[in-house]
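# Overview (structure and organization)
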Amino acid sequence: MSSETSSHKPRVAVVFGGRSSEHAISVVTAGAVLAAIDRDKYDVLPIGITTDGRWALTADDPARMAITDRRLPSVAELAEGGDGAVVLSADPTTREVVYSEPGAVPKALGEVDVVFPVLHGPYGEDGTLQGLLELSGVPYVGSGVLASAVGQDKDYMKRVFTSFGLPVGPYEVVRPREWDTDPAAARKKIVDFAGEHGWPLFVKPARAGSSMGISKVDDLAGLDAAIEEARRHDPKIIVESLLRGREIECGVLEFEDGPRASVPAEIPPVTAHDFYDFEAKYIDSAAGIVPAPLTDEQTAGVRALAVAAFDAASCEGLVRADFFLQDNGEFVINEINTLPGFTPISMYPRMWQESGVSYPELVDRLLEAALRRSTGLR
């Protein structure tokens, strides 16, 4: 092996931002990841995706990616080079990244060894970016196309869990065609669900995260506004009944010998908010309790369920699994997140910190796991 080859450091492209409503949170997450990557071990290339879908070279400046005075950051503020765009080749024989500007000769930026995608929501977390990376032959952190798509769509996620015998709460789905053909019947479907399971309900976009577009509906009077808000984020919506109990979260991380679960955390009732919404998560910094005050039996049970959910959806790399511990003592899976938030206050890194895996080690383990895997069928 030549000295040039032996001294080569893997090059990590941190891809963030994106076209979804979770753009700003992705930028915040990227700032934390960029600050944690070991620069003695990896070369880093930050690539931001603007809200209109342009891939841009960005400043490697984590301080500018934080929420400041309740103001959310954006890729547009970090982009360098005017209207230039970054292109990743779909040719698996090369991992070349090219930068092009209007009227200029494209500039090769070198090859990328691994991608750390920190995009949340559609066009990033849902399998679309993962499909591009599979075509390009570039390894990446996190789940593949199928698991990413399942993890993004709360409808099919619950169907997969049910097929594996995992516990989920009552829900109803209203698809776009139902609204287009007969909105009155679609609305009645929700009202009938409320009649069976009771108010309040949670009306959610089926394929969004970070609590975007979610409304708690206490009665019929608030239903139409909640539906409109959810459909503003996604034409497909899901309606869930209120599960009375404690909100428990658990992280899953891929180790060399397989997935392991972290200590669980509890999200306490948020008195200033109606539920654990976007403002509570990211603006007002609602604090979770880590580790969750559970019995040994409950802790073992929820950790086993988290790994079972990880396996059921064929996940890779990492997952945050969210549960309700009901008043009857039974756990119900609410959802999984295949690319959970990595902001400084995010629960996933906090749970692993408490489990003995520091933030920099967590980032390093995810990159190493990605580099161990090949693209394609596996």
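Just so it is clear, the structure is predicted and the values come from calculations on it, not from any experiment. (Residues numbered from 1 in each chain as written. Predicted model: local features only at pLDDT ≥ 70, side-chain atom pairs only at ≥ 80, totals over all residues. Heavy atoms only, no water.)

## Notes on the overall build of the protein chain
- From N to C terminus, the protein chain includes 13 helices and 16 strands.
- For the protein chain, with 378 residues in total, the buried portion stands at 54%.
- Long-range pairs, those at least 24 residues apart, make up 66% of the contacts in the protein chain with a sequence separation of at least 6.
- Charge-centre separation for the protein chain: the mean point of 36 positive side chains lies 2 Å from the mean point of 57 negative side chains. (Helix = DSSP H or I, 4+ residues; strand = E, 2+ residues; numbered from the N terminus. Buried < 20%, exposed > 50% of the residue type's maximum accessible area, 1.4 Å probe, protein only. Contact = heavy atoms within 4.5 Å. Lys, Arg positive; Asp, Glu negative; His and termini not counted. Charge placed at Lys NZ, Arg CZ, Asp CG, Glu CD.)

## Focus on the sheet that holds strand 11 (residues 237–241)
- The strand order across the open sheet built from 4 strands is 8-11-9-10, with neighbouring strands paired in antiparallel fashion. Two strands in the sheet have a free side with no partner beyond their single neighbour: strand 8 (171–174) and strand 10 (215–217). On average, adjacent strands in this sheet sit at an angle of 25° to one another, irrespective of strand direction.
- Note that strand 8 and strand 11 share 4 bridges and pair antiparallel. Each residue of the ladder has a partner; that of Val174, found in strand 11, is Ile237. (Pairing = 2+ DSSP bridges. Axes fitted to C-alpha atoms, helices over the stretch in contact; angles between N-to-C directions.)

## Remarks on the sheet that holds strand 2 (residues 43–49)
- Spatially, 3-2-1-7 is the arrangement adopted by the 4 strands of the open sheet, whose pairing is mixed. In the strand order of this sheet, the two ends are held by strand 3 (55–57) and strand 7 (114–117), each with one partner. Each strand of the sheet is rotated relative to its neighbour by a mean of 30°, with strand direction disregarded.
- Note: strand 1 (residues 11–17) against strand 2, 7 bridges, orientation parallel.

## Re the nonpolar core
- Formed by 33 residues in total, the largest nonpolar core has its most connected members in Val14, Phe16 and Phe116.
- Elements with a contribution of two residues or more to this core: strand 1, helix 2 (23–36), helix 3 (75–78), strand 7, strand 12 (245–255), helix 12 (347–354) and helix 13 (359–372).
- Every residue in contact with Phe116, bar those within four places of it in the chain, is listed here: Val12, Ala13, Val14, Val15, Val33, Val141, Val363, Leu366 and Leu367. (Core = buried A, V, L, I, M, F, W, Y, C linked by side-chain atoms within 4.5 Å.)

## Section: unusual backbone geometry
- Note that the residue after Trp199, namely Pro200, is joined by a cis bond; omega there is 0°.
- Note on placement: Pro200 falls in the loop between helix 8 (183–197) and strand 9 (201–205).
- Across the junction of Val290 and Pro291, the peptide omega takes the value -5°, indicating a cis bond.
- Structurally, the position occupied by Pro291 is in the loop between helix 10 (278–283) and helix 11 (296–312).
- A positive phi angle, close to 65°, is found at Tyr123, a residue other than glycine.
- Within the secondary structure layout, Tyr123 lies in the loop between strand 7 and helix 4 (128–136).
- With a relative accessible area of 41%, Tyr123 lands in the partly exposed category.

## Overview of the side chain of Lys236
- Within the secondary structure layout, Lys236 lies in the loop between helix 9 (223–233) and strand 11.
- Residue classification places Lys236 among the buried positions, given a relative accessible area of 4%.
- Among the polar contacts made by the side chain of Lys236, one reaches the side chain of Asp155 at a distance of 3.1 Å.
- If we ignore the near neighbours within four places in the chain, the residues touching Lys236 are Asp153, Asp155, Tyr156, Val173, Val174, Arg175, Pro176, Lys204, Pro205, Ala206 and Arg207. (Polar contact = N/O pair within 3.5 Å; in protein donor to acceptor, adjacent residues only side chain to side chain.)

## So, helix 8
- An ideal rise of 1.5 Å per residue puts 21 Å on 15 residues; helix 8 measures up with 21 Å between its terminal C-alpha atoms.
- Taken together, the buried positions of helix 8 are occupied by Ala186, Ile190, Phe193 and Ala194. Seen end-on, helix 8 carries its buried residues on one side only, within an arc spanning 100°. When the buried face of helix 8 is taken as reference, the exposed residues oriented beyond 90 degrees from it are Ala184, Gly195 and Glu196.
- Residues of helix 8 that are buried make contact with strand 8, helix 7 (176–181), strand 9, helix 9 and strand 11. (Expected span 1.5 Å × (residues − 1). Arc of directions from axis to C-beta.)

Shape is all these values report; function is a separate question.
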